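One letter stands for each residue in the lines below.
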Amino acid sequence: MLMPPWCPITPYKGIFILVLAFVFLEYLFNTFSDPKDALFFNTTRIPKHGRESRLNGPLAKTLLFKNKTNNYTIGNNSIVTATKNYSYMSYIVTEPPFLKRYVNNSSISSTVLDSVFTIESENSSNSKPVNSTALPLCPDDVSSNLRGRLPIVRSPVPSVEQLEGRFAWLRPGGHWLPGHCRVLKRVAVVIPYRCRGEHLLVFLQHMHPFLRRQQLDYTVFVVEQDGDGPFNRAMLMNIGYTEALNMSHFDCFIFHDIDLLPEDDRNLYTCPEQPRHMSVAVDIFKYRLPYPAIFGGVSAISTEHFKLLNGFSNSFWGWGGEDDDMSNRIRFHHLHISRYPLTIARYTMLTHKKDKPSPNRYDVLKQGQKLFDKDGLNSLKYKLVLRKLKLLYTWILVAFVSISQNASRVLNTGMCL
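Residues numbered from 1 in each chain as written. Predicted model: local features only at pLDDT ≥ 70, side-chain atom pairs only at ≥ 80, totals over all residues. Heavy atoms only, no water.

Rules: UniProt positions are given in the numbering used here, feature names are shortened, and annotations may be inferred rather than shown by experiment.
The chain appears in an unreviewed UniProt entry as Beta-1,4-N-acetylgalactosaminyltransferase from Phaedon cochleariae. Looking at the Subcellular location (unreviewed entry) heading of the UniProt record, one finds this comment for the chain: "Membrane". Comment text from UniProt for the chain, heading Pathway (unreviewed entry), reads "Protein modification; protein glycosylation."

What follows is the structure, encoded as structure tokens:
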């Protein structure tokens, strides 16, 4: 009896077909979850992410807007009317203005490591005031200064004296700018801080050479919360924004958790046309985006946009919630979250004891949608305890004037976060 041509003659043929099917499914899954080449990303359209659109738990309800018209005011600004379909799934994938193929994507060898952290000192003229208007503009393409993937050095933890000797080219306050050209926009890096001394030293060791290679006019602000009350990360970032502008003019603000270190210096610390979520792919999340609306960790917002958004909410005491509230604010004001591709916006998280989440963060997040114009920069109250220009950073020590009722219900009071 003759067998049909499509019927398998031996069981090996069936096994071979199953193997091919598994290989194809694995390739398809990896293509959508962790693309290997940044050049495959569409840089203009807003992609649809079916798998990432599934959010579980109470967070899903707090990140959805209904179609309705809202009138709101920011400070003394005039009333603005907002009517839109606010989707928590939409964001814009962008690319740095350059993607040079000769930038190495692999880890740097130990012989090159010393040159990363031992940058030659500036000449004496660069430490003196420079007539910036007489300098030419810095070129947009800084790719020749960049290395691509970088090593993450966690130990040994350097001392303050070692870092000050290594980064003698810094100006007081953790400030640096190119001496041979003029940068149009100034960047403030704001770090909310308490009880993370070793993390701060590791962070500064990594970030100062990182930012300098990008040819930025930048200043690092460490905003420390005094006392042992519940931590308020969002309020510290609002204070950093306010105090930085009281000292000088800044065009761009990078709000940065101290335990996140960027792995690729092509991840530019600048502010694009839309607010940017910087820490897209973190190692503890297997370098995948946890959910599309996330805006935590590291973010970049222009001075004008931060004012429009009325800053972060001041109502989140303890861990969690403030970044999702900012994500809601961004969509409410017709803005989108911008992100670099997963292959560039990679971060390593420094290990630390996990903090207990604030038990009422979902309630505050849900109510926050009604308080965008009342809770933020225009309701900020704090006491400036000390402001000091150290070589490695500008230190801002603050105490909160009053603690809200929400803060009194936080369980993890007295913890260093």
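Alright, that's what it looks like, and here's the rest.
**Quick word on the pairing of strand β6 (residues 217-225)**
For clarity, the cut-off: Each residue gets one of three labels from its accessible area relative to the maximum for its type: buried under 20%, exposed over 50%, partly exposed in between, using a 1.4 Å probe on protein chains only. We count a stretch as a helix when DSSP gives it H or I for four or more residues in a row; a strand needs E for two or more, and each element gets its number in order from the N terminus. Two strands are counted as paired when DSSP detects at least two bridges linking them. Seen with its strands pointing away from the viewer, a crossover is right-handed when the path leading from the first strand over the helix to the second is clockwise.
Counting buried positions over the 9 residues of β6 gives 9, a clear majority of the element. Burial of β6 is two-sided: the residues Asp-217, Thr-219, Phe-221, Val-223 and Gln-225 facing one way and the residues Tyr-218, Val-220, Val-222 and Glu-224 facing the other way are all buried. Where strand β5 (residues 186-193) meets β6, 8 bridges bridge the pair, whose relative direction is parallel. Bridge assignment links Ile-191 to a residue of β6, and that residue is Val-222. Handedness of the β5-helix α5 (residues 197-213)-β6 crossover: right-handed. Bridging between β6 and strand β15 (residues 394-400) involves 5 bridges; their strand directions are parallel. Its bridge partner lying in β15, Gln-225 is registered against Val-398.

**A few points about helix α8 (residues 322-332)**
When you tally the buried positions in α8, you get 11 out of 11 residues, the bulk of the element. Those residues of α8 not exposed but buried are Glu-322, Asp-323, Asp-324, Asp-325, Met-326, Ser-327, Asn-328, Arg-329, Ile-330, Arg-331 and Phe-332. Of the residues one or two after α8, His-334 is the one with positive phi, at around 65°.

**Focus: the packing of aromatic side chains**
Quick reminder of the rule: By convention, a stacked pair of Phe, Tyr or Trp rings (six-membered ring in the case of Trp) has centres within 6.5 Å and planes under 30 degrees apart, an edge-to-face pair has planes over 60 apart, and any other such pair is tilted. Working rule: Lys NZ or Arg CZ, within 6 Å of ring centre, within 35 degrees of ring normal, means a charge sits over the ring.
The full count for this structure, using the stated rule, is 13 aromatic pairs. Geometrically, the ring pair formed by Phe-253 and Phe-255 is stacked, given 6.0 Å between the ring centres and 15° between the ring planes. Phe-255 matches Phe-253 in its accessibility class, with the two residues each being buried. Grouped by ring-pair contacts, the aromatic residues Phe-221, Tyr-241, Phe-250, Phe-253, Phe-255, Phe-306 and Phe-312 constitute a single cluster. Above the face of the Tyr-340 ring, Arg-276 is positioned so that its terminal group lies 4.0 Å from the ring centre.

**Regarding the state of the cysteines**
What counts is decided by this rule: Here, the term disulfide refers to a pair of cysteine sulfur atoms separated by no more than 2.5 Å.
Per the counting criterion, the structure on display carries 2 disulfides. Disulfide partner of Cys-138: Cys-181, at an S-S distance of 1.9 Å. The S-S bond linking Cys-138 to Cys-181 shows a torsion near 90°; that makes this disulfide right-handed. Here Cys-138, found in the loop between α3 (110-117) and α4 (160-166), pairs with Cys-181, found in the loop between β4 (175-176) and β5; they are 43 residues apart in sequence, far enough to count as distant.

**Describing a nonpolar patch on the surface**
For the record, the criterion: Put simply, a patch holds well-exposed residues, over 30% relative accessible area, that have no salt bridge, with like charges counted together within 9 Å and Val, Leu, Ile, Met, Phe, Trp or Tyr side chains within 5 Å. Per-residue and other accessible areas follow the Shrake-Rupley method at a 1.4 Å probe size, with only the shown protein chains counted as cover for residues. Take a side-chain nitrogen of Lys or Arg and a carboxyl oxygen of Asp or Glu: if they are within 4 Å of each other, that pair is a salt bridge.
Together, Tyr-12, Ile-15 and Val-19 make up an exposed nonpolar region whose accessible area comes to about 340 Å². Val-19 sits in the partly exposed class, given a relative accessible area of 44%.

**Examining the environment of Pro-97**
Among the secondary structure elements, Pro-97 is positioned in the loop between β3 (91-93) and α3. You can call Pro-97 exposed: its relative accessible area is 65%. Expressed as a C-alpha distance, the spacing of Pro-97 and Leu-268, which sit 171 residues apart in the sequence, is 9.4 Å.

**Considerations on the pattern of salt bridges**
Considering all chains together, one arrives at 11 salt bridges under this definition. In this structure, the salt-bridge partner of Arg-186 is Asp-217, at a minimum N-O distance of 3.5 Å. Separated by 31 residues along the polypeptide, Arg-186 in strand β5 and Asp-217 in strand β6 bring together distant segments of the chain. By relative accessible area, Asp-217 is classed as buried at 6%. Between Arg-233 and Asp-323 there is a salt bridge, with its nearest N and O atoms 2.9 Å apart. Of this pair, Arg-233 sits in helix α6 (residues 233-247) while Asp-323 sits in helix α8, and the two are 90 residues apart along the sequence.

**A few points about the side chain of Glu-224**
Formally: The charged-residue count follows a simple rule in which Lys and Arg add positive charge and Asp and Glu add negative charge, with His and chain termini not counted at all. We call two N or O atoms a polar contact when they sit within 3.5 Å, provided that within protein one can donate a hydrogen and the other can accept it, with sequence-adjacent residues counted only if both atoms are side-chain atoms. In this description, contact between two residues means that some pair of their heavy atoms is separated by no more than 4.5 Å.
Topologically, Glu-224 is positioned in strand β6. For the buried Glu-224, which has no salt bridge, the nearest side chain bearing the opposite charge is Arg-194, at an N-O separation of 7.4 Å. Engagement of the side chain of Glu-224 in a polar contact is seen with the side chain of Trp-395, the distance being 2.9 Å. Residue contacts for Glu-224: discarding those within four places in its chain leaves Tyr-193, Leu-236, Trp-395, Ile-396, Leu-397 and Val-398.

**Observations concerning the confidence of the model for the chain**
Using the following cut-off: Values of pLDDT, ranging from 0 to 100, describe the predictor's confidence in every residue of the model.
Looking at the chain as a whole, the pLDDT averages 76, with 67% of positions reaching at least 70. Considering only residues more than four positions removed or in separate chains, one finds that residues 100-130, a stretch of pLDDT under 50, has 52 contacts.

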